[in-house]
Amino acid sequence: MKLYTYWRSQATFRVRIALNLKGLKREDVVINLDRGDQFKPGYRKENPQAVVPTLYDGDARLFQSVAILEYLEEKYPNPPILPKELLARAWVRGFALINVADSHPLIVPRIRNYLANVLKIDEAGRTAWIQHWLGAGLAAMEGLLAEKNPTGKFCHGDSPTVADICLVTQVTPAQLFKTDLAPYKRVMRIYEHCMTIPAFAEAHPRKQPDFEGH
Ligand SMILES: N[C@@H](CCC(=O)N[C@@H](CS)C(=O)NCC(=O)O)C(=O)O
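The rules behind these values
- Residues numbered from 1 in each chain as written.
- Predicted model: local features only at pLDDT ≥ 70, side-chain atom pairs only at ≥ 80, totals over all residues.
- Pairing = 2+ DSSP bridges.
- Helix = DSSP H or I, 4+ residues; strand = E, 2+ residues; numbered from the N terminus.
- Axes fitted to C-alpha atoms, helices over the stretch in contact; angles between N-to-C directions.
- Buried ≥ 20, exposed ≤ 12 C-beta atoms within 10 Å, placed from the backbone.
- Left-handed = near helix turned anticlockwise from the far one by under 90°.
- Contact = placed C-beta atoms within 7 Å.
- Nonpolar A, V, L, I, M, F, W, Y, C, P; charged D, E, K, R; others polar.
- Domains from an automatic or database assignment.
- Parallel < 35°, antiparallel > 145°, perpendicular 65-115°, else oblique.

Moving on: the sheet that holds strand β3 (residues 54-57). As summarised here, the arrangement of the four strands in space is β2-β1-β3-β4, forming an open sheet in which the pairing is mixed. Both edges of this open sheet fall to β2 (27-30) and β4 (60-63), since each of them pairs with a single strand only. Adjacent strand axes in the sheet meet at a mean angle of 20° when their direction is disregarded. Note that β3 and β4 share four bridges and pair antiparallel. Each bridged residue has a counterpart across the sheet, and for L55 the counterpart in β4 is L62.

Time to look at unusual backbone geometry. That bond from V52 to P53 is cis: its omega, 5°, falls within 30 degrees of zero. Turning to its location among the elements, P53 is positioned in the loop between α2 (41-46) and β3. The omega torsion of the bond from N78 to P79 falls at -5°, within 30 degrees of zero and hence cis. Positionally, P79 belongs in the loop between α3 (65-75) and α4 (86-103). Notably, A50 is not glycine yet its phi reads approximately 60°, a positive angle. One can find A50 in the loop between α2 and β3. Backbone geometry at Q64 places phi at a positive 70°, although glycine is not the residue there. Summarising the element assignment, Q64 is placed in the loop between β4 and α3. Given 18 C-beta atoms within 10 Å, Q64 falls into the partly exposed group.

Attention shifts here to the packing of helix α6 (residues 123-148) against helix α7 (residues 162-176). Interhelical geometry of α6 versus α7 gives an angle of 140° and a closest axis separation of 10 Å. Relative to α7, the crossing made by α6 is left-handed. Contacts between α6 and α7 involve L134, G137, L138 and M141 from the former and L167, Q170, P173 and A174 from the latter. For the contact of α6 with α7, the residue count by class is six nonpolar, two polar and no charged.

Quick look at the domain arrangement of the protein now. Under the domain assignment used here, the protein contains domain 1 (2-79) and domain 2 (86-200). With centres defined by C-alpha atoms, the gap from domain 1 to domain 2 works out at 20 Å. With 13 residues of domain 1 at the contact, the number on the domain 2 side is 14 residues. Among the secondary structure elements, those contributing two or more residues to the side of domain 1 that touches domain 2 are α1 (10-21) and α3. It is α1 that contributes the most residues to the side of domain 1 that touches domain 2, eight residues altogether.

What follows covers the pairing of β3. As paired strands, strand β1 (residues 2-5) and β3 are joined by three bridges and run antiparallel to one another. In the strand pairing of β3, Y4 is matched with T54. Between β3 and β4, which pair antiparallel and follow one another directly, the connecting turn spans two residues, one of which, G58, has a positive phi of 65°.

All right, on to the packing of α7 against helix α8 (residues 185-194) then. It is the contact of α7 with α8, at a shortest axis distance of 10 Å, that shows an interaxial angle of 105°. When the interaxial angle is binned, α7 and α8 end up roughly perpendicular. For the pair α7 and α8, contact is made by D164, L167, V168 and V171 and by V187, I190, Y191 and C194, respectively. Of the residues assigned to the contact of α7 with α8, the class counts are seven nonpolar, no polar and one charged.

The following block contains the structure:
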């Protein structure tokens, strides 16, 4: 498999975790989002949206992290990252979408650049924006865990699912942008537990060869 990746990309982090959990090997191609590599014509051909991740499984090109997770789950079902039971699957997908659909899209580079360059919002304003929307997602996750699974090591059941993957990719940008994590004790307990698992720890932005030390 070939993964177009960037160390800091949360969407790519999701895919790295899933590939590791399923024991699938990959070759990385770095797209430096800070240098604008995503807009170069060569990469636009791979991903017309100009975002990472893009994954090749042989000749098959895949894009959008959740679509990739679902593809991996269907093609490589063991170990599973979605529960068997219908309602549990819907809960896990719903939990994950708090990160994927509601928080993360508000803080990606193109949004941050628009806030800075078009709306002329200064760094303090942009940081407040990021912390606000990450905090809203974390509060929603904490509420769902309090309701369903107040003491578990994972969001659902005894093994990692897509919900844990997306909990982790909610927490890492919150840490990067110095969001107060103290109110989210259940989220943080699961985060810390996931980070004891090599598939998660080795996929962490800091562990990537292109990590730039932020
Ligand atoms: N919904 C997409 C998000 C993809 C995305 O926005 N990726 C970010 C990095 S996490 C990116 O490449 N951004 C480039 C930019 O905003 O210019 C997914 O989950 O794959």
